[in-house]
Structures are given as C-alpha cells and as structure tokens.
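# Working through the structure, step by step
So you can see what is in the structure, the chains are spelled out below.
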Amino acid sequence: MKGLWGHPTCINNVETWANVPAIMLYGADWFSRIGTSNSKGTKVFALAGKVKNTGLVEVPMGTSLREIIYDIGGGLIDGKQLKAVQTGGPSGGCIPFDKIDIPVDYDNLRSIGSMMGSGGMIVLDESDCIVSTTKFFLEFTKDESCGKCLPCREGTYRMLEILERITSGHGEMEDLDKLERLGNAIVKSSLCGLGMSAPNPVLSALKYFREEFEIHIKEKRCPTQRCTQLVTFTIIPEKCTGCTLCARRCPVSCIRGFNKKPHEIMQEYCIKCGECYNVCKFDAIEKI
Amino acid sequence: MKYINATIDGMPVSVLEGTTIMEAADKIGAHVPRLCYHPFLSTEGACRICVVEVEGMRNYLPACATAITEGMNIKTNSPQIRQTRRDLVELLLDNHPKSCLTCDRDGNCELQNLAYKLGVRERLFEGDRKRHPIEDSSVSLIRDAEKCILCRRCVRVCSEIQGVHNLSQLYRGFDTVVAPAFEAPMDDSVCIKCGQCINVCPTAAFIEQDATELVWAALDNPDLHVVVQTAPAIRAAIGEGWNLPPGTPSTGKMITALRRLGFDGVFDTDFAADLTIMEESHEFIERVKKGEKLPLITSCSPGWIKFLEHFYPEFIPNASSCKSPMQMESTLLKTYYAEKMGIDPEKIFVVAVMPCVAKKYEARRPEHYLKENVPHTDAVLTTRELIWMIKAYGIDFLNLPDGEFDNPLGFSTGAGVIFGSTGGVMEAALRTAYEMITGEPVKELEFTDVRAVEGLREATIKVGDLDVNVAVANGLNNAKTILEKVKSGEKQFHLIEIMACPGGCVAGGGQPLVYAGDYVYPLYPELIRKRQGALYTIDERKEIRKSHDNPYIKEIYKEFLGKPGSEKAHHLLHTHYEAKLPRGIK
Amino acid sequence: MEQTTYTLDQDIQDFISNCMTLEHPESYLIAVLHKVQGRYGYLSEKHMDEVAHLLQVPTSTVFGVATFYHFFRLKPAGKFKISICLGTACFVKGADLVLDAFKTELGCSLGDTTSDGMFSLEGTRCLGVCALAPVVTINEQVFGNVKPTQVSEILNKMKEAKVEA
C-alpha cells in the first residue's frame, strides 16, 4: 500500500484534525481522562430528524443516546414515540428504542450493528418507515459507489432493486434472505470503506425491524403509510366539497365527479403520487 | 532481499518480501480464481474474485493486491469464501447479456469459464441490466459495452503498453462504462486500432469487425477470381486453433486449407516483405547519402502509422514511404498479376490474412484504392477468423497434406519471414542494406543484437566504415521513449523499427487467444518467444535468406518495376501519411 | 505542429501554464475543471479537450474525471438552479416528497433542465443546515422547512422575479 505519489499520506476528517491542537496543548493524559476505555475524548454528533433541538452536539464519549436525545435534544417533536436512532451516516445502522441506554462509543455502536461513522445522529419517530429509510440510504450508497470494485458497484444496485420491490408491493419473503446474503458478500469483499459498510443500514434494520419488512411483503402494507405505492387514497364523500382541485391536479386524471359533488378516485388508474392528498384543502382524502 | 514466512492453507511458505498472496499461492499449487488480474498489467484489485481469508482480518483480502507479511495465516478456501466468489460472479452475469451461445467468445470466455468452475448454477439477484448500443464505427473493431465487466484490462493495455490512453472509465457506479473521451465513436477517437484490447478482454466487449461473410460471398461468386495472401505471423500461430503448441510452424497445412476453401491463388505476404526491404533499403541509403530525414522509421505496422498520425505528426517525414507488405502484395496482385494472368483487376478479389485488426483499417485507407470502390485489398481476415472459417468448412486441419504457395508472388526468403517478429524488419533490412552499402556479402547473417522480446533495444551496427545506430521498439509506450530521445537530440539514430504490438506481429491483435491455465494471456513473453521461434526456424531452414537474392524479386524489377525507387515503384509501392485528429496527448 | 486553437480565457490558460511548472501538474486537473466550470457554467467538450492538451492529461482521463463527480456538469445549467437537499435529516422530514413536487411542477427529472432553460433540478447531499430540514436552495437563496404544497408558489415567485429583472 502506498500513499499519494508514493509517499506516506495522512487523510483525516476535520474533527480529528481539530482535536490535535488541544491534545498538543494539554497533553494526552488530559484528553484520555474524557471518554471510555477504548474511545477517548469527546465526539461531535449532528443531531437531526424528529428531535426538538437539532444541530451539532459535542459530548464525552460514553454518553447514552437517551441523554443526547432527551436532555440535549429536548425530546421528540410533538411528543411522539422514538422508534429508532440512525447513527454513522448512510453507512451506519438503525438502533432500536430498547438500546438507547447504551453508552455511545466505537465498540458499543459496532456491537449493536451500527457505527460512529460520520457522526450523524438521526432520530426517527413512529411515523417513519424503516424499510423506506433503508432504501433511502441504499440510494445514497449506490449513487456514491465509484464503480471500481464489483461487489459495491453491482451489489448495492441489486440490494436497492430488492428494496424497491418490497416498498412497491412486489416483495417476496426470499428477498429478505437475498438482502442478507448480498449484504454480507458486499461487506466482506469490497475494496474500500464505502462498500464494506454500505449494507449496514439494511442488515441492522433486518436484525431489529424484520417484522416491518415482513408486513410490507406479506400484507403489502406500509404501517407508517410512508411507502406511497402501498397506500390507497380514497375520498371521504362527507368531507368532499366538490371543489375539483384534486381532479385538476391529478397527473393521470383518475379522479372523477361533478362540480360541487363528492368526487371519486378510480383506483385502477391511481399511480399513488399523493398529489390529491397534498392539495386537498378540506382533509377529504384519506391514506390507508 | 528479505524472506517472509507465512502459512497458506496450512502449508508453510517462505517468499521474498513484496510477494503477493496470489503469487505465493500459485507457487504451492493453491490456485485462487481471478478475473481482472493480468500478470503483465498493473494490479487492479477490482473484481474481488480472488479474495482470501487472512486470520485476524475482519474482511476478505484480494490475493492479487495483498503482499504477504510475516506470520500471515491465509485460507484460500472455505464454504463462505466460495459462496462469496460465486455471488460475485453471479452479480456479473446478472448485468451481462444472455447471449453466450451466439457470442464470438462462446467457449473461450473467461467469465463463462469462471462461472462454470465456481459453480454458479442459480440466479438469485437478477434485475435490470445496463443498456448500451453496440459501437461499430471502426472498420477494425467493435465495442460492446453490455458485455464489459469493467475489469479495465483494456484501459490498462491501452495506456500502460500502448501509451494511447484512448479508453477510460467514464461516469460512476452502476453507470460506469469504458469508452473513449466524450464516449466518441471509436472512429472519431485516438484509437490506433491495434486490437490489444480484444486480446486482453476476458469477454467479447471488444471484438474484431467480421470479414468472413464478405469472404464467403466472394468465394461463392463465380465471376470473381479470389486470391489470398498470408502474413508471416499467421503460420506461427494458426496451429493453436487446433491446440498445437504455440510456435508450431504450419505453413503447408495453412496453404492446403486455403486451397480447399476455394481460393484461386494462395500467395505469401512475405514476398512483398522482401520487396519492402528492397524499397526501404534503397530509401535508407538515399537518405543516409543526403543526410536527410533521418532516422528512417519503418512503416509496416498500420497501428504504429495511426499512432504516428495522431500523436507524432512531426515525425511523418521520417516514416518510410513504403507501403506495408500487405498493401504492396495487394497492389501487385491487381496490377502485375492481373496483367500477367490477363484478368480484369476489378474481377480480382484480394483477401489478406493478417495477425492484426489495424490491417482492416489500413485496407480501407483512401490511399490504398486502385480506383473508386476498388480497394487493393478487398477483405482482411484475422488469424482467428481464418481458423473459424476452416473449422466451419469442416476441414480436418491437423491431417492436411502440406501445400506450396503460388509463384511468383508466393516465393520469399528468410528475411521476409522474420518480418512477423519484433526486430525482424530491422534484421532483414540490415542483411540487404549491408550488402548494398558495402558491396560485400554480410558475414554474420543473424543480427542477434536486434532480436529479443523486450520492448526496446538499441544497437550500433558496423556497416563498412559506417556506424549505424539502430533502435527497435514494440508496444507504443516504448516507441514514445525512442521518439522522445530523437526529439531531444539525446541520441542520433539512423534506422528505427517500430511495431505497435508488444512482441511484434506474432502477438498482434488478430492472433489466436491462447490459454495459460484458465486464462487468456496474450502478453505472455513465453508465448511471444515461441511464435517468434517458429519464424526464426523457418528463416534458418531457407536456402535464400536475403531479400535481394530472391529470384522472383529480381524478375519483377526486371520485368515490371525497373529499379528500387524507380518512378513506377514509387507509384505502386509507396504511400503518404497525414496528421490526424483528434490529436493524441503524449 | 500544434493546430489546436484555444478558446479558454487567457487567465485560465495562464493558470494551467503555471500548474505545468509545478510538481505533478496532472494533480491540478480538478482545480482547473473547477475554474472552467466556474467561468462558463459547465464543461464543454471543446474546453475539456483544451484542458487535456494544455495540462497534458489524456482527454479520456479528463472526461472520466468530469463525468465521475456529481459536481461537474456537462450541459449548461438553467437560469435558476434548484438544489434539493437529499441528506438524511431532510429525507426524514420529507425531502423526497418535496422533490416529487418539483418534478411534477417542472415536468423534468433530477439532473435535468426545463426545456425553456429556466430551471435545472438537482439533488445535493447535506447542506449542513439540518435544523431547517427539508432545505431547498435556488441559486444563492435558501428555503427552509419546505412543504410539497409550497413548491408551486416558490416557482411562481422565481418566474415573477425573472420578469421584473
């Protein structure tokens, strides 16, 4: 292995470099007093998602997720229930609610299938769909895959295809095994860190939220209604004023009805874009 | 050098520092499957098929790109590794056209072999696959990106060996495609059409433009007089099509096979090689006398000529104006031969069997037409295409009796034969030029200083009172080195031989794909040496070994051409070059 | 024998000439491409070819780099460059729905420019203002907490601004 132009090369994140002057000034002992036995010092997290106070948060290593989210982050917006915390960026994993008392350090995060990674910390609440969230992460890693090594280039694409099948109602139970088999092959054999960690969100989600995947596959239903392909839009006749706005905005013209009379969605043509739901001013459209 | 001790599959190994896991495993007979790896190109480490397990490492490591360290404990096999390798190959198949049975490489495709060997028997991950149009703008070769598995061997050979850098990996991720800049058609790129990309490709992402249909049709046309010429390098390699060891001279069987295919005349490009030597030696002596346009650079290799026109147009005046032997032979077939036989040249169909795909392009250069729509060379077949035609016709090649070329355009000296190897044109030219300059017979016929397989040789040859500085380069990166030396004035050369392909024509882009173990290894020095060996053996066995002693050459000058360098010779046997766009980056 | 006539602005040519005097001039390729795109808004084939010759980097490599990075564009951008943050925080807050709304309104897909050359639609990775998620930037202007229902309004404002200007 060689560095740039054959010379030893040091590449580190800004956060690492920012720690260097402090360690040089106050010494390694001072730095080591903060943190846990294998993870020294502090860590900056980008706290975001469904939490009241978002932003950059610096805490000593070993602080629990509960402290970060509820004490510093002020808890969830609208008092909703915490579902999972996604740490480490798009290559990290989803940590379920029952693990949020674990002290956050490198070893602990790894042991529960996630990682420190980028320091991203995304709070998901009960309205977030785990399957569609993992699909989102796979979209990112597929886009970022450079294309050089085979497992990451071809494998992330196939994993994304499978997740797309599941979120659009075409998944099969064997797809879950395929995701795990592919994921493990990609982790084990990829060339760089991107591929080695790209399947993490899927693998950890399958570990902690398998049931949610199964509901998508067996019942063709998204419990959070986030997967629009699995949602049915219907018009509640009592609430509909017949303003025709939804019919005019429907891109496939599948809403019919007379002016000032309740409208109706022709389900067989609906592409589930959600446009009617978004534009209705009378809450007359229902997502199931 | 330090020795490192490690364990592979429980067997202790002791290897020099810097040895890779793959090299060490190969030595003890533990063969790790591989795909993007090529022993004579830089390490890519991209396909990950060669991954192995190393104790203490969380993930698998690529055997091709990992150097052994002290105490390493390596496992090349486990159910998990085998499954991972299988999954990886399946991922390639999932993104590959399902056209194996109708593919040019069916039966000698490395991906196909690997899938079989690793036991890919099911398809779990199939979905969408990449879509790219077949790019067939070039008269030499076809680029079929859907068959590309992105091993980048072509990219590496095009830059590391040929210095052309025409191909690069474009876009990213799943959309990655190997193509010239701006995804330009090959014909509008700096491609020099050497076909080395075909030779290193494990699949059929690069393949020659087919000429067999054209030739079958001509052979079937009673109005045409169909003749064929074969380049020197064909006889050294054609037997490989029937698993004869590389370097088995098969001239006689090849001639008989061509007659059975129905050719009306079977001629030898080597005759024209002798003629080339006459013209080129004359040109050389003239330039030395006048002290101008030196060094003289040979012009037999159309890949090199295309390179010259794109990359080094400033050296165009230095290139010999001699046509290549193929074009000389074709020209004579449609003039001298036509006259002699009393056949309308437009009714003569000239087929050339060449070890080269650049020859397909050369034959269509506008300079090489008798008149509009009448090229001197009507069709160019590669060695591979000829092998296929002979098989398709049902000819039992191995049991054929030996045949003889037709004369006069089929008689050659030993000098003409060695044209097919790097250094051969130089050696043949020296044999003749020596005698032309000194008027004395050359004492040592074999100029061993210019023989070898290495890409670059320089020598000084005493020719009478004259010290002739010569250089031989094969592989265009080596040509660059020499040309830059000339440019900087670092060394004064008189004569330079350049062949585009590494090892010369014997390892050209149209030669049979030979297997070393499970893999096609066209750049193998051992393979090149054996094919060269066949040509040098034929040379040794020839009674006449100097071009100017060829009786038919003497006759054709007397009867038809006049003297070397005469006006008629110039008109028929010489050509010109021009700077071409896009300009290459040196 | 050099027949290429260069159309790159002189100062960019000078910058490249200066790179050529430094160690590893080829390593300035990305910096040069940044300059070219900064000046002309995108990388044309002509300009990429000129960079290749001036910097003595194979044209195929220049094109490889230009197509590799999402940042470089090979076609002129629209008058208004709409960037939708597709970072995780924005996604969780519904950036994908906002993106869908832009696609429907503009009738063009991600990475494309509307046929009138007015808007180009692109996704971007985390802009670092997760507190405002989902975030959209149009040229230099930042829009925070964007809802899908606001999209047509935002676009109309842009069109009006264009008319006034």
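Here the residue index of a chain counts from 1 through its sequence in written order. Note on labels: chains are lettered from A, ligands numbered from 1, in written order. Selection of residues for local features in this predicted model requires a pLDDT of at least 70, selection of side-chain atom pairs for listing and counting requires 80 or more, and totals for whole chains, interfaces and linings are taken over all residues. Based on all heavy atoms of the structure, the side-chain values leave hydrogens and waters out of the count.

## With respect to the overall build of chain A
As a reminder, the rule being used: Segments assigned H or I by DSSP are reported as helices when at least four residues long, segments assigned E as strands when at least two residues long, and all are numbered from the N terminus. Exposure classes here rest on a 1.4 Å probe applied to the protein chains alone. A residue is buried below 20% of its type maximum, exposed above 50%, and partly exposed in between. Whether two residues touch is decided by their heavy atoms; if any such pair falls within 4.5 Å, the residues are in contact. Calculation of accessible area relied on Shrake-Rupley with a 1.4 Å probe; when residues are assessed, cover is drawn exclusively from the protein chains displayed. Lys and Arg are tallied as positive, Asp and Glu as negative. Neither His nor the chain termini are counted. Where a charge lies is defined by one atom per residue type, namely NZ (Lys), CZ (Arg), CG (Asp) and CD (Glu).
Scanning chain A from N- to C-terminus turns up twelve helices and nine strands. Burial status across chain A gives 49% buried among its 288 residues. Contacts spanning at least 24 positions in sequence make up 60% of the contacts within chain A whose residues lie at least 6 apart. As presented, chain A carries roughly 13,800 Å² of accessible surface, and 53% of it is formed by carbon and sulfur atoms. Where the 35 positive side-chain charges of chain A centre and where its 34 negative ones centre are 4 Å apart.

## Some details on the overall build of chain B
The following threshold applies: Note that the radius of gyration is over C-alpha atoms, with the globule rule given as 2.2 Å times the number of residues to the power 0.38.
The helix and strand inventory of chain B stands at 19 helices and 21 strands. For 586 residues, the compact-globule estimate of 2.2 N^0.38 gives 25 Å, and the C-alpha radius of gyration of chain B, at 25 Å, lies within 12% of that figure. Per-residue burial over chain B gives 64% buried out of 586 residues. Total accessible area on chain B stands at roughly 21,400 Å², and carbon and sulfur atoms take up 50% of it.

## Considering the sheet that holds strand β19 (residues 495-499) of chain B
Residues and elements named next belong to chain B. Applied cut-off: Strands were regarded as paired on the criterion that DSSP finds at least two bridges between them.
Taken together, four strands build an open sheet; the order of strands is β12-β19-β18-β17 and the sheet is mixed. The open sheet has two edge strands with one neighbour each: β12 (296-297) and β17 (456-463). Looking at chain direction, β12 and β19 are connected through two bridges and run parallel. Across the sheet, residue Leu296 finds its bridge partner in β19, namely Leu495.

## Details of the interface of chain B and chain A
What counts here: Throughout, the accessible surface (probe 1.4 Å) given up by two parts as they are put together, summed over both, is called the buried area. Here, a salt bridge means any Lys or Arg side-chain nitrogen found within 4 Å of an Asp or Glu carboxyl oxygen. In protein, a polar contact requires one atom able to donate a hydrogen and another able to accept it; more generally it is a pair of N or O atoms within 3.5 Å, and residues adjacent in sequence count only if both atoms are side-chain atoms.
Taken together, the contact pairs 31 residues of chain B with 27 residues of chain A. In total, chain B and chain A occlude about 2,700 Å² of area from one another, counting both sides; carbon and sulfur atoms represent 53% of this. Three residues stand out in chain B for area buried against chain A, namely Leu91, Phe125 and Phe174 of chain B, and they jointly supply 22% of the buried area on that side. Counting across the chain B and chain A interface gives three salt bridges. Here Arg181 of chain A and Asp87 of chain B are joined by a salt bridge, their closest N and O atoms 2.7 Å apart. Counting the contacts that link chain B with chain A gives 18 residue pairs in polar contact (both at pLDDT 80 or more). Top contributing element to the side of chain B that touches chain A by residue count: helix α2 (residues 79-94) of chain B, with seven residues.

## Some details on the nonpolar core
Note the following rule: Only buried residues count toward a nonpolar core, which is a set of Ala, Val, Leu, Ile, Met, Phe, Trp, Tyr and Cys residues joined through side-chain atoms within 4.5 Å.
Of all hydrophobic cores here, the largest spans 53 residues; its most connected members are Leu179 and Phe213 of chain A together with Ile49 and Val89 of chain B. When residues no more than four places from it in sequence are discounted, the contact partners of Ile49 of chain B are Leu150 of chain A together with Pro33, Arg34, Leu35, Arg85, Leu88, Val89, Leu114 and Leu118 of chain B. Residues Leu167, Cys197, Ile198 and Phe315 of chain B belong to the second largest nonpolar core, which totals 43 residues.

## Some thoughts on the sheet that holds strand β3 (residues 136-138) of chain C
All names here are of chain C. What counts here: As a rule, the C-alpha atoms of each element are fitted with a line to give its axis, helices using only the stretch in contact, and angles between N-to-C directions run from 0 to 180 degrees.
The sheet built from four strands is open, its strands ordered β2-β1-β3-β4 with mixed pairing. Each having just a single partner strand, β2 (119-124) and β4 (141-143) make up the two edges of the open sheet. Between one strand and the next, the sheet's axes are offset by a mean angle of 20°, whatever the strand orientation. Pairing of strand β1 (residues 80-85) with β2 involves six bridges; the strand directions are parallel.

## So, the pattern of salt bridges
This structure, assessed with the given rule, holds 67 salt bridges over all chains. Residue Arg158 of chain A pairs with Glu161 of chain A through a salt bridge whose shortest N-O separation is 3.0 Å. Here Glu161 of chain A and Arg158 of chain A lie together in helix α6 (residues 150-167), a separation of three residues that amounts to about one turn. A relative accessible area of 13% places Glu161 of chain A in the buried class. Across the pair Lys193 of chain B and Asp187 of chain B runs a salt bridge, and its minimum N-O distance is 3.1 Å. Taken together, the shared-partner salt bridges in this structure form one network comprising Glu427, Arg431, Glu446, Arg451, Asp539 and Arg545 of chain B.

## Details of the domain arrangement of chain B
All names here are of chain B. We apply this condition: Just so you know, the domain bounds were taken from an automatic or database domain assignment. In this count, Pro and Cys sit with the nonpolar residues alongside Ala, Val, Leu, Ile, Met, Phe, Trp and Tyr, while Asp, Glu, Lys and Arg are called charged and the others, Gly among them, polar.
Looking at chain B, the domain boundaries give domain 1 (3-77), domain 2 (141-207) and domain 3 (213-573). On a C-alpha basis, the centroid separation for the pair domain 1 and domain 3 is 43 Å. Contact with domain 1, which involves nine residues of that partner, is made by eight residues of domain 3. Interface area, domain 1 with domain 3, both sides summed: about 570 Å², of which 71% is carbon and sulfur. Counting the contacts that link domain 1 with domain 3 gives zero salt bridges. Across the contact surface, domain 1 and domain 3 share zero residue pairs in polar contact (both at pLDDT 80 or more). Split into classes, the residues belonging to the side of domain 1 that touches domain 3 amount to six nonpolar, two polar and one charged.

## Section: the domain arrangement of chain A
Where interface size is quoted, it is often the accessible area lost as the parts come together. All names here are of chain A. Taken domain by domain, chain A consists of domain 1 (42-125), domain 2 (130-218) and domain 3 (232-287). Inter-centroid distance (C-alpha atoms) of domain 1 to domain 2 is 22 Å. For the pair domain 1 and domain 2, the two sides together bury roughly 1,200 Å², of which 65% comes from carbon and sulfur. Its largest share of buried area at the contact with domain 2, domain 1 owes to Pro90, Ser91 and Cys94, together 43% of the area lost on that side. If you look at where domain 1 meets domain 2, you find one salt bridge. Note that Glu212 and Lys83 form a salt bridge whose closest N and O atoms lie 2.9 Å from each other. Our count for the domain 1 to domain 2 interface comes out at five residue pairs in polar contact (both at pLDDT 80 or more). Those elements that place two or more of their residues in the side of domain 1 that touches domain 2 are β3 (82-87) and β4 (93-96). The class makeup of the residues in the side of domain 1 that touches domain 2 is seven nonpolar, six polar and two charged.

## Overview of the interface of chain C and chain A
Contact with chain C, which involves 20 residues of that partner, is made by 22 residues of chain A. When chain C packs against chain A, the two sides together hide about 1,800 Å² of surface, and 64% of this comes from carbon and sulfur. The largest per-residue losses of area from chain C upon contact with chain A belong to Phe91, Val92 and Arg125 of chain C, which jointly make up 32% of the total buried on that side. Remark: the boundary between chain C and chain A carries three salt bridges. The partner of Glu105 of chain C in a salt bridge is Arg249 of chain A, with the nearest N and O atoms 2.9 Å apart. Joining chain C to chain A, the criterion identifies six residue pairs in polar contact (both at pLDDT 80 or more). If you list the elements that add at least two residues to the side of chain C that touches chain A, you get α5 (88-92) and α6 (95-106) of chain C.

## So, a nonpolar patch on the surface
Condition: Within this analysis, patches are made of residues with over 30% relative accessible area and no salt bridge. Like charges are joined at 9 Å or less; nonpolar side chains (Val, Leu, Ile, Met, Phe, Trp, Tyr) at 5 Å or less.
A cluster of nonpolar side chains, contributed by Leu127, Val129, Leu132 and Val142 of chain C, occupies part of the molecular surface with about 290 Å² of accessible area. Position of Val129 of chain C among the secondary structure elements: in the loop between β2 and β3.

## Details of helix α4 (residues 59-68) of chain C
With eight of its ten residues buried, α4 of chain C lies for the most part within the structure. Every buried residue of α4 of chain C is accounted for by Thr59, Ser60, Val62, Phe63, Gly64, Val65, Ala66 and Thr67 of chain C. Check the buried side of α4 of chain C and you find it contacts β7 (168-170) of chain B together with α2 (29-40) and α3 (45-55) of chain C.

## Quick notes on the packing of helix α1 (residues 10-20) of chain C against α2 of chain C
Residues and elements named next belong to chain C. Spelled out, the test is: Note on angle classes: values under 35 degrees are labelled roughly parallel, values over 145 roughly antiparallel, values of 65 to 115 roughly perpendicular, and the remainder oblique.
It is at 11 Å that the axes of α1 and α2 come closest, and there the two elements cross at 175°. It follows from the interaxial angle that α1 and α2 lie roughly antiparallel. Note on element contacts: α2 touches α1 through Ala31, Val32, Lys35, Val36, Arg39 and Tyr40, opposite Asp11, Ile12, Phe15 and Ile16. Partitioned by chemical class, the residues of the contact of α1 with α2 number seven nonpolar, no polar and three charged.

## Quick look at the packing of aromatic side chains
Our working definition: Any Phe, Tyr or Trp ring, taking Trp's six-membered ring, that has another such ring centre within 6.5 Å forms a pair; planes under 30 degrees apart are called stacked, those over 60 apart edge-to-face, and the others tilted. Put simply, a charge is over a ring when the Lys NZ or the Arg CZ is close to the ring centre, within 6 Å, and near the line of the ring normal, within 35 degrees.
Tallied over the entire structure, the rule returns 23 aromatic pairs over all chains. With 6.4 Å between their ring centres and 40° between their planes, Trp304 of chain B and Phe307 of chain B make a pair best called tilted. Residue Trp304 of chain B and its partner Phe307 of chain B are both found in helix α10 (residues 302-311); the two are separated by three residues, about one turn of the helix. The pair Trp304 of chain B / Phe307 of chain B is uniform in exposure class, with both members buried. Taken together, the ring pairs connect Trp304, Phe307, Phe311, Tyr312 and Phe315 of chain B into an aromatic cluster. Cation over ring: Lys287 of chain A sits above Tyr277 of chain A, and NZ or CZ is 4.9 Å from the ring centre. Above the ring of Trp242 of chain B, the side-chain terminus of Lys391 of chain B is found at 5.4 Å from the ring centroid.

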